[in-house]
Amino acid sequence: MRDFVQPWAPNLADYWKQFIDALRATWQMFLIAGGIAFVIGFVIGIVLTVTKPGGIKENKIVYTVTNLFTNVFRSIPFLILLIFLIPFTRSIVGTAIGVKGAIIPLVFGCVPFFTRQVESALSNIDPGKVEAARSMGSGTFGLICRVFIHEAVPDLIRATTITAISLIGLTTMAGAVGAGGLGSFAINYGQSLHNQDIVNVCVVLLLLLVTLIQTVGGYLATKTTNRALFRKSDLFSKIRQDEKFDVIVSNPPYIPPSQKSTIQKEVTFEPETALYTSDEKGLEFYEKIITQAPDYLNVNGYLLFELGINESLEVAQFMKEQDFKDIQIIKDLANIDRVIFGHI
């Protein structure tokens, strides 16, 4: 490789070993500081989202402390933060220079930025989805994992991509004050010694690295867009065979054709396909859904139906025949059996 770059970057070839060391140092700072910042920023971002006023686990004290921490460190320019943290860094790792001495400042510089990105991504979740999941029995941890994180995956990938690109810039700034890496190499062997080819190569490498991160992040965000927590389908026609769900809910057509002339006026605005069955018992769609539902439910997954009048016992029997357990029937305000549910 050194012989390859010799014709168009002779000065870089002269300092090839230092160049390789700088590349290694940049990757070390990026991977170590990035990994730590990702975990801490992700957790703090979730805490801010959950504990904020109106959040699913509102806690004024926790929110105020984490919000203050984020605001304080986010407002300090990184070069000043580097200098400010020198005593703290030395007390923790024993040095304030080199890769070892750069990790802590990089983490402090990156975490507040990523925290706000995560908070922004999670705050965009439709409150209706949160309430729907809560009504199905999801607790705080379930809401975080199954609703907030699940629904925000594309935005979280974009946030991670933006933060990773920002971190590349921070590593080069850290190099300017003794951390090593491409920033230090470009200054010490390029700008200081008037070797423009070295500066050019460093710029191109950083450009390629940022482009790679942006391309991969954009691809992953696109591939995970439209990961829906809720799916709508005509029976199971729009559901893949390999898809599994925790809950299947249906308000199927259950009115026999013979009752067309007796139904209440307020429901006639619905299309006939949503109201009437082809059989006189009104059980046609219950049978179809109950028979197929076990193939699409996770273990302990629930199936819920709205019931027509005088259909509860037969629907319950269908569910028992398909090995549904803990079948329960709920009455409406008129004391009519209206909802039935059970799990596999």
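Residues numbered from 1 in each chain as written. Predicted model: local features only at pLDDT ≥ 70, side-chain atom pairs only at ≥ 80, totals over all residues. Heavy atoms only, no water.

Colleague: Explain the sheet that holds strand β4 (residues 337-343) here, please?
Modeller: The 4 strands are arranged β1-β2-β4-β3 in an open sheet whose pairing can be described as mixed. Here the strands that pair on one side only, and so sit at the sheet edges, are β1 (245-250) and β3 (325-331). The average angle at which neighbouring strand axes cross in this sheet is 15°, direction not considered. The pairing of β1 with strand β2 (residues 297-306) spans 5 bridges and is parallel. Each residue of the ladder has a partner; that of Ile248, found in β2, is Leu303. With respect to the sheet, helix α13 (residues 284-292) is in contact with β1 and β2, its orientation differing from that of β2 by roughly 170°. Sheet strands touched by helix α14 (residues 312-321): β2, β3 and β4. Its angle to β4, the strand with the most contacts, is close to 10°. (Pairing = 2+ DSSP bridges. Helix = DSSP H or I, 4+ residues; strand = E, 2+ residues; numbered from the N terminus. Axes fitted to C-alpha atoms, helices over the stretch in contact; angles between N-to-C directions. Contact = heavy atoms within 4.5 Å.)

Colleague: Quick question: what am I supposed to make of the packing of aromatic side chains here?
Modeller: Note on aromatic pairs: each is described by the distance of the centres and the angle between the planes. Per the counting criterion, the structure on display carries 13 aromatic pairs. On the numbers, 6.2 Å between centres and 50° between planes, the contact of Tyr302 with Phe341 is tilted. Taken together, the residues Tyr302 in strand β2 and Phe341 in strand β4 connect sequence positions 39 residues apart. Judged by relative accessible area, which is 32%, Tyr302 ranks as partly exposed. Pairwise contacts between aromatic rings join Tyr15, Trp16, Phe19, Phe185 and Tyr189 into one cluster. (Phe/Tyr/Trp six-rings, centres within 6.5 Å; stacked < 30°, edge-to-face > 60°. Buried < 20%, exposed > 50% of the residue type's maximum accessible area, 1.4 Å probe, protein only.)

Colleague: Even after reading the chapter, I still don't get the nonpolar core, so can you show me in this structure?
Modeller: Core analysis: the largest hydrophobic core is formed by 29 residues, its most contacted members being Phe78, Leu106 and Ala174. Looking at this core, the elements that each hand over two or more residues are α3 (16-51), α5 (78-84), α7 (98-123), α10 (153-175) and α12 (196-224). Broken down by element, the residue count for this core peaks at 9 residues, all from α7. Those residues within four positions of Leu106 in sequence are excluded, and the remaining contacts are Met29, Ala33, Phe78, Leu167, Leu170, Thr171 and Ala174. Within the second largest apolar cluster, 25 residues are counted, among which are Ile263, Leu297, Val315 and Ala316. (Core = buried A, V, L, I, M, F, W, Y, C linked by side-chain atoms within 4.5 Å.)

Colleague: Teacher, can you tell me more about unusual backbone geometry here?
Modeller: Of all residues except glycine, most have a negative phi; of all peptide bonds, most are trans. Phi is positive for Asp323, close to 70°, though the residue is something other than glycine. Structurally, Asp323 can be placed in the loop between α14 and β3. The class of Asp323 is exposed, set by a relative accessible area of 55%.

Colleague: Sorry, what's going on with the environment of Ala132 here?
Modeller: Mapped onto the elements, Ala132 comes out in helix α8 (residues 127-135). Ala132 sits 15 residues away from Val147 along the chain, and the two C-alpha atoms are 9.8 Å apart.

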